[in-house]
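Close look at the chain arrangement
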Amino acid sequence: MKLLWVVFVMVFVFGKWVDGFLEFNETELANIEAYVHNGDEISNSKLSANPLMVGLTLIQGAGAKGAVCLDGTLPGYHLHRGYGSGANSWLIQLEGGGWCNSVRTCVYRKKTRRGSSLYMEKWIPFTGILSNKAQENPDFFNWNRVKLRYCDGASFTGDSENKAAQLQFRGQRIWKAAVEDLMAKGMHHAHQALLSGCSAGGLASILHCDEFRSFFPRNIRVKCLSDAGLFLDSVDVSGGRTLRSLYSGVVGLQGVESHLPRICTNHLDPTSCFFPQNIIGHVKTPLFILNAAYDSWQIQSSLAPPSADPAGYWRDCRLNHAKCTPSQIKFLQGFRNQVLNAVKGFSMSRQNGLFINSCFAHCQSERQDTWFADDSPVVGNKAIAIAVGDWYFDRTGVKVIDCPYPCDKTCHNLVFRA
């Protein structure tokens, strides 16, 4: 197990820079964060003791629908059946893993598990919101829990192809084929359902939220959770817009526009409508936004990527927030203000939920130590799992925003090894 974490760290440290944008996936980033935070190594027992391992199921009927990964292989998911009071409750977790924005980056991606089921792990651990243990996941442990693998590179929204490069951009079809397959396996009997996702999957859970709602009868409780999916159209440290440039390539290359909310594209350009800040106010289905105010991925790859910092002024700060200068912290406080402004209108709705903690983190629902453990991050003495459960079951309204850094001492902050 120790070797596994070393491999995760090596994959990140030696990741490839492609078109000035770091190609790594958020699941690996989350695992590194679980392994190293506050400069210390964490024992495996602190992550999750003997996590449930769940096998990969390929969607056999997907090929006939053109619902395939970048390389044309079948998409897949991991399903663990619910029981007892959760037998007719369903949680769908959309996997994260960045995006590809050019033929070159997508060709690279299709030789990885983010573009082909040939390279996907056959078994993965179910922890955090996917855990089957009540003490680790009090509200959803006995639900039918599904992890839908991500192999398209456009947050499950594209529908196009590039024959010359033998690339299939079929994220929208994969999403639909997966839902149809799960419906046939019992999800059509659901009494309640939750669509969740982390990072690129968190963006997908926003984009597909109302569509997910439409698959079920109106009397069924259906809600959505976006974890670390609030990507902002922000100015980077050089004055440019690194993430907008990336998103423009993704939207244009993968045929995303036709699957973006019309209420947004009627008055904004398609790239703008791939940014959650421009669509969360239009989502009709109850939605919960879980996000770190100082999202590690956005700092690393959107705000201060090496392409925007050729002199390396931000390098130490990017690796470890404790090494940020006062002026850099001021810049990051400005980013936090942008996050709060982005959710201001969204949070006005009684049906929506919000948990913004002041951590240097990314993806907090899938990892045990941040979802629900003895020392989990809290805001107002409420752990993330309890906040999401309170909101989902209407036990109480949840609109919590942390005080700015460095006031929160419960964070599991991400620290990168140099």
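Residues numbered from 1 in each chain as written. Predicted model: local features only at pLDDT ≥ 70, side-chain atom pairs only at ≥ 80, totals over all residues. Heavy atoms only, no water.

Concerning the layout of surface pockets
Approximately 350 Å³ is the volume found for the second largest pocket. Forming the boundary of the second largest pocket are 17 residues, of which L207, H259, L260, P261 and R262 lie nearest the centre. Mapped onto the lining of the second largest pocket, the elements with two or more residues apiece are helix 6 (200-207), helix 7 (209-214) and helix 9 (262-265). The dominant element in the lining of the second largest pocket, judged by the number of residues it contributes, is helix 7, at 3 residues. Tallied by class, residues from the lining of the second largest pocket come to 8 nonpolar, 5 polar and 4 charged. (1 Å grid on protein atoms, 1.4 Å probe; cavity = no way out; pocket = protein on both sides within 12 Å on 5 of 7 lines; lining within 4 Å. Points joined across faces, edges and corners; volume = space filled by probe spheres on them. Helix = DSSP H or I, 4+ residues; strand = E, 2+ residues; numbered from the N terminus. Nonpolar A, V, L, I, M, F, W, Y, C, P; charged D, E, K, R; others polar.)

So, the environment of G197
With respect to the element layout, G197 can be found in strand 12 (residues 192-198). Distance in space between the C-alpha atoms of G197 and A228 is 8.4 Å, their sequence separation being 31 residues. Ignoring anything within four residues of it in the chain, the contact list for G197 reads Q93, L94, G202, S205, L225, S226 and D227. (Contact = heavy atoms within 4.5 Å.)

A word on the nonpolar core
A general tendency of soluble globular proteins is for nonpolar side chains to be buried together. The biggest cluster of nonpolar side chains holds 79 residues, and the ones touching the most others in it are W99 and F274. Here this core gets 7 residues from one element, more than from any other, and that element is helix 5 (residues 171-184). The contacts of F274, once residues within four sequence positions are left out, are W99, A154, S155, T157, L203, L207, Y247, V250, V251, V256 and L260. Of all hydrophobic cores here, the second largest spans 24 residues; its members include L130, F288, F355 and W391. (Core = buried A, V, L, I, M, F, W, Y, C linked by side-chain atoms within 4.5 Å. Buried < 20%, exposed > 50% of the residue type's maximum accessible area, 1.4 Å probe, protein only.)

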